[in-house]
Amino acid sequence: MNISYNWLRRYLPLTESAEQVAKNLTSIGLEVGTVEKVQTIRGGLEGLVVAEVLTCEPHPNSDHLHITQTRLAPDAEPVQIVCGAPNVAAGQKVICATLGTVLYSGDESFTIKRSKIRGVESLGMLCAEDEIGVGTSHDGIIVLPADTPVGLPAKDYYHVEDDYLIEVDITPNRSDACSHFGVARDLYAFYRARGIDMPLTRPDVAAFRIQQPEQPVRVRVENTDACPRYTAVSIRGVHVAESPEWLQNALRTIGLRPINNVVDATNYVLHELGQALHAFDADQIAGGQVIVRNVPAGTKFVTLDEVERTLSDADLMICNAEQPMCIAGVFGGLTSGVTEHTTNVFLESAYFDPVSIRKTARRHQLSTDASFRYERGCDPNNTLFVLKRCALLIQELAGGEICGDVIDLVAGQENTAPVPFEPFAVGLSQERVRRLIGKDLGAETLTTILSALEMNPRCDGDTIRVSVPRYRTDVQRECDVVEDVLRIYGYNNVEFPDKLNTNLVYGRKPDPVALQRRISEQLTAEGFREILNNSLTKVAYYEACESLPLEQCVRIKNPLSNDLGVLRRTLLFGGLESVQRNANRQNADLAFYEFGNCYHYDAALHTPEEPLRAYSEEPHLALWLTGNKTAQTWMRPDEKTSFYHLHACVQNILRRLGVQPDKCTLEDLHSDLYSDGLRIVAPNGKTVGFVALVSKKILKAFDIANPVYYADLDWHTLLRLNKQYKPLISDLPRFPEVRRDLALLVDKSVRFADLRKAAFETERKLLRDVRLFDVYEGKTLDFGKKSYALAFILQDENNTLKDKQIETVMARLQKTFEDKYGAKLR
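None of the values given here were measured: they were computed from a predicted structure.

Some details on the sheet that holds strand β17 (residues 289–294)
- Sheet architecture is open: five strands sit in the order β14-β17-β20-β21-β22, paired in mixed fashion. Each edge of the open sheet carries a strand with a single partner, namely β14 (218–221) and β22 (331–332).
- Both β14 and β17 contribute to a ladder of four bridges, which runs parallel. Each bridged residue has a counterpart across the sheet, and for V221 the counterpart in β17 is V292.

Laid out in structure tokens, this is it:
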């Protein structure tokens, strides 16, 4: 949620900087994401002053330019400025941009410099509205009243002030802090707990008066469970127009677009006090009656965004005598809101059941400022105060008279109690406070903090009785109160004792079961099916295998058959059996994975003293892809699986386990089992696994017609790499990335991985990624050559890249490719 520092100071006379206030908020549980300086007008009108045009003569070399002598300060010598505005004349008070002033136009800017225009020197610029950001007109320069002081800074004339936007990350339990006053209330408790006397000023509604006895709109609440309290008032004779500058600036600062003075007033009070309101055009309320009820399921309703929605019978609606007008607490209707033609307003301030609002908002996939607050729980005792505050603000901005008595219905009946919803009563044991906090705060400190939190503490022996306000929906138990006390007191103020007993674990091994489950879920989500094959396999698979000789297999002394005579050295053959079985049953489009152990025997390690030392067992993860990746439909033909599809799946596994594929090295795989493949080597030099195309000889032995792509990953190595993995969180880039492409003619022996590695070695600061998007080998190229089309992604974390920087980087990259690989641009 966005909080304006200047807006915050209307309730609390803050003297600390916005950055320090942000630190204070974080310390009391309202974590601040960023603090950003904002200006109502970009540049703050720095360098712009009120000036007086003393003389104005036609330019000798132009039919539309004028040469002026302009005074920039009362006692200053006039300066010569060439102006092209049609309305410039002697005696005018104008806005002048002095030399060195930076003016902005969208994302671009330019600096006012000494220049010659048609041969005549000009030492400044007389400005139009759109040139300095105070309006949109470009018909001519700004002409100010004759009594405007010369030399007055433009920022003072236009009342431009700097502000700071504090982005507060509101947790779901802190609905009370979803407003400027709520944040100020927490800061007040923080300062008071530290002995700083800083008054908290609440908006004044003492001026609220009923001016006309007539009651133009009646209200009936049919669903009192979903709407425990409903308050409303009518205002007649309003004039809808643009909001004043101060209100527009306040809303823009927190990221809201001003609409009109009535709607802006409701939005302002929403962000001021945390209670959503809705202003209806009273003349559009059919039958002069508002009914809070549910409508039949299937009812059609067009919301303010012009989308027709189908309502559920669980959706609470604000209706007139004929039809729904608004989804209660979520979104308004298209025709019931305030427009420029509205003269009579019906203003609503209600308390809706949080569960009901949350379900409705999710059902219609709507998230609004109102639903954000209602579904977390608002203060039912605050609706009437907020209603009066907003009504007074509308009167101030749009005029009008408040008509009829204030409507205040609790459980559907007229409310007569000053506090209709009782606070939460909690008993607080001082001994329990000491035990939970780990420190004796003392009764005086406790009561000071509780009073600052508006909990009205009353001592009863060792027990402190508190009345928790209804706006604190998350504080209803003793431990909740203790937590609230501690966050205001300060977690850092609780000292460690002289002796500390702990059972902290400083390190842990990765949980193989949890990691395996995580990868299994990922692969299943990608369309793979898990298989489980027998660890015992055929001796024949290894008899003629050079890569995995039979001598290194673990033999079974008393096998049931020769088909189960050895423990497997690889998961490959078991998976191929599964592929064969499925393909023979007209199921040729397959994606399998398996977690399993592979076994190895090394005769050189065998000794009589340690006979088991020669045997080893290693967990592996294997993947198989064959057939079509996607089946044929009327929209597209079928798409075959490929080596790159499987390679991408392996890269996803590595990333999930904290191994960056970009930092791994790819080496050619040579094996009689595979016709082609790549070995993946981690940055520490350990082999992670490989991705390969199973050789035709092996496929023929299994009677498999389609190509099969296979990947094998060393699970132990991945677990060790995962143990070293430390997740890092970084901000999203604030500046755009830039793409530049190169088409390179290289020898066929040059791999993309080589070019990628060379690129990152050449440019480490700005280069973010290198992508291969086309490979061409054809008769038009020289013998032994191929063409790579590469995309280079550049980005600077601190600035927007300029063309000169980009050209310099690309030139260096091109030179590297030429020098190392003899590459040529196509």
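Looking at a nonpolar patch on the surface
- A surface patch of nonpolar side chains, amounting to about 230 Å² of accessible area, comprises V302, L304 and L334.
- Along the chain, L304 turns up in the loop between β18 (300–302) and β19 (308–310).

What to know about the packing of helix α6 (residues 245–253) against helix α7 (residues 261–273)
- Two numbers describe how α6 lies on α7: the axes approach to 11 Å, and their chain directions differ by 50°. The orientation of α6 relative to α7 falls into the category oblique. In terms of crossing hand, the pair formed by α6 and α7 is left-handed. Contacts between α6 and α7 involve W246, L247, A250 and L251 on the former and, on the latter, D264, A265, N267 and Y268.
- Tallied by class, residues from the contact of α6 with α7 come to six nonpolar, one polar and one charged.

Here's the deal with the layout of surface pockets
- Considered as a void within the structure, the second largest pocket measures approximately 860 Å³ in volume.
- Every residue lining the second largest pocket is counted, 33 residues in all, and those nearest its centre are V263, N267, H278, L304 and F331.
- Where the lining of the second largest pocket is concerned, the elements lending two or more residues are α7, β16 (277–281), β21 (324–327), β22 and α9 (369–374).
- Considering each element in turn, the lining of the second largest pocket owes the most residues, four residues, to α7.
- In terms of residue class, the lining of the second largest pocket is built from 18 nonpolar, 12 polar and three charged.

Overview of the sheet that holds strand β24 (residues 401–410)
- If you walk across this open sheet you meet the five strands as β16-β23-β15-β24-β25, and the pairing is antiparallel. Looking at which strands have only one partner, the edges of the open sheet turn out to be β16 and β25 (413–414).
- Inspection of the sheet shows β16 paired to strand β23 (residues 344–351) by five bridges, in the antiparallel sense. Its bridge partner being in β23, F280 is matched across the sheet by F346.

Considering the nonpolar core
- Counting residues in hydrophobic clusters, the biggest one holds 84 residues, and the most contacted among them are L25 and V481.
- Here this core gets 10 residues from one element, more than from any other, and that element is helix α10 (residues 383–398).
- Apart from residues lying up to four places away in sequence, L25 is in contact with L30, E31, V32, I166, V168, V183 and L187.
- If you look at the next biggest cluster of nonpolar residues, it comprises 39 residues, including A282, I318, V330 and F352.

Describing helix α21 (residues 803–821)
- With 19 residues, α21 should cover 27 Å at 1.5 Å per step; its first-to-last C-alpha distance of 27 Å lies within 8% of that length.
- Buried within α21 are the following residues: I806, V809, M810, L813, T816 and F817. Buried residues of α21, viewed axially, fall in a sector of 120°; they line one side. When the buried face of α21 is taken as reference, the exposed residues oriented beyond 90 degrees from it are D803, K804, E807 and D819.

Quick notes on the rules
Residues numbered from 1 in each chain as written. Predicted model: local features only at pLDDT ≥ 70, side-chain atom pairs only at ≥ 80, totals over all residues. Heavy atoms only, no water. Pairing = 2+ DSSP bridges. Helix = DSSP H or I, 4+ residues; strand = E, 2+ residues; numbered from the N terminus. Patch = residues over 30% accessible without salt bridge, like charges linked within 9 Å, V, L, I, M, F, W, Y side chains within 5 Å. Areas by Shrake-Rupley, 256 points an atom, 1.4 Å probe, with all protein chains shown as cover. Salt bridge = Lys/Arg side-chain N within 4 Å of Asp/Glu carboxyl O. Axes fitted to C-alpha atoms, helices over the stretch in contact; angles between N-to-C directions. Parallel < 35°, antiparallel > 145°, perpendicular 65-115°, else oblique. Left-handed = near helix turned anticlockwise from the far one by under 90°. Contact = heavy atoms within 4.5 Å. Nonpolar A, V, L, I, M, F, W, Y, C, P; charged D, E, K, R; others polar. 1 Å grid on protein atoms, 1.4 Å probe; cavity = no way out; pocket = protein on both sides within 12 Å on 5 of 7 lines; lining within 4 Å. Points joined across faces, edges and corners; volume = space filled by probe spheres on them. Core = buried A, V, L, I, M, F, W, Y, C linked by side-chain atoms within 4.5 Å. Buried < 20%, exposed > 50% of the residue type's maximum accessible area, 1.4 Å probe, protein only. Expected span 1.5 Å × (residues − 1). Arc of directions from axis to C-beta.

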